[in-house]
Amino acid sequence: MKELKQQIRLRRDELLMIPAFETGFFLFGEIIIWFLLRSGDKAEMYNLGSLVLAASTCFLLIFMGAAMLPLCFNISISMGSTRRHMIPAYYLITFAECIAAAAYAYLLSNLEMWILQTCFDGYKITLITGPLFQIKYILPAALAIVALHTLFGSLYLKFGTPALIIFWILLISAFNIIPHVISALGRYHHTAWGRALLEFFNNITEFKLLILLYVCSAVILLISWLMLRRQQVRT
């Protein structure tokens, strides 16, 4: 409990900053909607504010690990905390932070729906993010964000700026490769290997994906723990 209180004190500004950023992301999405409406007649509306909010907040929470984990680690260990107590406390506070961010995002999503229904009566409103705000998705997503957040921070703490550059290159490469893989499956779905891959992906259920996400997150958290348990304080 003492370590949890210390982590809250160290991360107080971060905990207050995240809702402010979420509000900004949400307003940016609403501005996009306004520009789309001015660009021509639209018969259908999307909750773009919630989409921009959800995606941007996830990236913020993940990449914030590069700044917050090294700071909290160095200060906590320097003040006499043990790694055995500090690291789990950091995990818990980050997880709670993700849940709180999701709860605030859900409130803003409902506000956007009210705005769309009130100000754009007569438009067909399509929910892009509707299914996302369910507990069965929020919990594994929050755990995955915690895992990536701590991995990102651990790599930066151990290897410095080159780790950030490599991590960023890998992330951008993944975003560029995935669309090409999907396109290739569409072009070669009639081939034997194409049919085999499609059958493989079709057999993956939602339950299996969620279990895989839990397992991958647990493995990444373990890797971060192994990196941090012998990490020295860096000044």
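A. Region of the structure containing the packing of aromatic side chains. For the coordinates displayed, the defined rule picks out four aromatic pairs. Between F59 and F63, the ring centres sit 6.0 Å apart and the planes meet at 5°, which makes this aromatic pair stacked. Of this pair, F59 and F63 both sit in helix α3 (residues 48–63), four residues apart, roughly one helical turn. Of the residues examined, F63 reaches a relative accessible area of 22% and is grouped as partly exposed. Note on F63 and F152: the rings are 4.9 Å apart at their centroids and 85° apart in plane angle, and the pair reads as edge-to-face. Linking F63 in helix α3 with F152 in helix α6 (residues 135–159), this pair joins segments that are 89 residues apart in sequence. Among the aromatic side chains, those forming a connected cluster through ring pairs are F59, F63 and F152. Sitting over the ring of Y90, R11 keeps its end group 4.2 Å from the ring centre.

Each value, and the rule that gives it
For every chain, the first residue of its written sequence is number 1, and the numbers climb from 1 along that sequence. For a predicted model such as this one, the threshold for reporting local features is a pLDDT of at least 70, and the threshold for listing and counting side-chain atom pairs is 80 or more; totals across whole chains, interfaces and linings nevertheless cover every residue. With hydrogens and water set aside, each side-chain value is computed from the structure's full complement of heavy atoms. Classification of ring pairs uses Phe, Tyr and Trp, with its six-membered ring standing for Trp, and accepts pairs whose centres are within 6.5 Å; under 30 degrees between planes counts as stacked, over 60 as edge-to-face, and the remaining range as tilted. Numbered from the N terminus, helices here are DSSP runs of H or I no shorter than four residues, and strands are runs of E no shorter than two. Only protein chains enter the calculation, and the probe is 1.4 Å; a residue is then buried if its accessible area is under 20% of its type maximum, exposed if over 50%, and partly exposed in between. Definition used: whenever NZ (Lys) or CZ (Arg) falls within 6 Å of the ring centre and also within 35 degrees of the ring normal, the charge is taken to sit over that ring.

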